[in-house]
Structures are given as structure tokens and as C-alpha cells.
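Each chain, letter by letter, is given below.
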Amino acid sequence: MLKEIKHSFMVYRNGIVADTLRAAGMPYAVIFGLQLPQLNEIARSQQPSAALARELWADRRVRESRLLAPMLFPADELQPDEALSMACDVQTREEADILCFKLLRRLPYAAGLLPDLIEASGRLSAADSPEAPLAAYCAEALKRNLAD
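Residues numbered from 1 in each chain as written. Predicted model: local features only at pLDDT ≥ 70, side-chain atom pairs only at ≥ 80, totals over all residues. Heavy atoms only, no water.

## Quick word on the packing of helix α7 (residues 93-102) against helix α9 (residues 132-147)
Thought 1: Direction vectors running N to C along α7 and α9 enclose 35 degrees, while the axes themselves pass 9 Å from each other. Here α7 and α9 pass one another in a crossing that is right-handed. Mapping the contact onto sequence places R93, A96, D97, L99, C100 and F101 in α7 and L134, Y137, C138, A141, L142, R144 and N145 in α9.
Thought 2: Within the contact of α7 with α9, the residues separate by chemical class into 9 nonpolar, 1 polar and 3 charged. (Axes fitted to C-alpha atoms, helices over the stretch in contact; angles between N-to-C directions. Helix = DSSP H or I, 4+ residues; strand = E, 2+ residues; numbered from the N terminus. Left-handed = near helix turned anticlockwise from the far one by under 90°. Contact = heavy atoms within 4.5 Å. Nonpolar A, V, L, I, M, F, W, Y, C, P; charged D, E, K, R; others polar.)

## Remarks on the side chain of E64
Thought 1: Here E64 shows up in helix α5 (residues 63-72).
Thought 2: Contact partners of E64, with chain neighbours within four places excluded, come to F9, V30, I31, F32, G33, L34 and L39.

## Things to note about the packing of aromatic side chains
Thought 1: Summed over all chains, the structure comprises 1 aromatic pair.
Thought 2: With a centroid separation of 5.5 Å and 45 degrees between ring planes, the pair formed by F9 and F32 is classed as tilted. Taken as a pair, F9 in helix α1 (residues 2-11) and F32 in the loop between α2 (15-23) and α3 (36-44) lie far apart in primary sequence, 23 residues in all. F32 shares its class with F9; the two are buried.
Thought 3: Taking the ring centre of W57 as reference, the NZ or CZ of R66 above it sits at 3.7 Å. (Phe/Tyr/Trp six-rings, centres within 6.5 Å; stacked < 30°, edge-to-face > 60°. Buried < 20%, exposed > 50% of the residue type's maximum accessible area, 1.4 Å probe, protein only. Lys NZ or Arg CZ within 6 Å of the ring centre and 35° of its normal.)

In C-alpha cells form, the structure reads like this:
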């Protein structure tokens, strides 16, 4: 499955978007330049799988892997501690937005996750962690998604 997904990334590659994102300072080593419609199409072609989603999320070097992971993660298989860990691990606002919209808001305990995420972002901030602003942004994104 992973090999098929990576092949899809190559098929849909958009060099202009990839170069633009790279020039904008995106933190990824590999950017294929896929946009949301292409990622949604790839997600629809796959069976939801926690194992596959975890493998994609762990691939911090590839933008599209990180964006596709929340689309493939079955909400009923994501435990609160792992959800919090993912939210605190976002590398960009784009990741935070997709994580919250495609996965976290669908969790039955999403509202209860919000205070934990706010607390975690405070701890990261107190520790002067570079992840603190993105964890705080993720909390705001989840809050927006829950209000919809």
C-alpha cells in the first residue's frame, strides 16, 4: 500500500507548487506539490488503516505523507494519548488544519482533547520548545472545527 501511495505522489507531482512551497520555507526534505483534491483522491483509493496512517505520519520528511495520514486514520482506532501526541507533533499550520479537519474533530472525545492540547502547548511554551506555537495553533484549529 505504501509503495502504491508513493507512486501516486509521483503521478500527481506538481513541480510549480512544490517549488513555491519549498521557496516559502516549508520544512520538508521532499515536497511533491500535491493539492487537497489529489490527496483526497488518494485517500479514497485506500482502505483506512491505523498502521498505514502511523507509517505515513512518521515520515516527517515528506509533506504529502504527513497530510495524507490523518485522512487514512480510522477515528475509532486513535487513542487520546496518540491524538494529543500527533497534535503536538505538527510541523506546519497546513498539517494542523488537515489533522484537525480530517481526523481530530471526528473523535468522540475531541472536545475533551482540547483542554489537554492547550495544556500541552503551554508546557511546550514553558520549555521554550519550537513546537509550542504550532501546538497552540493546532488547539485553535481544533476549537474552530468543533464550533462548526
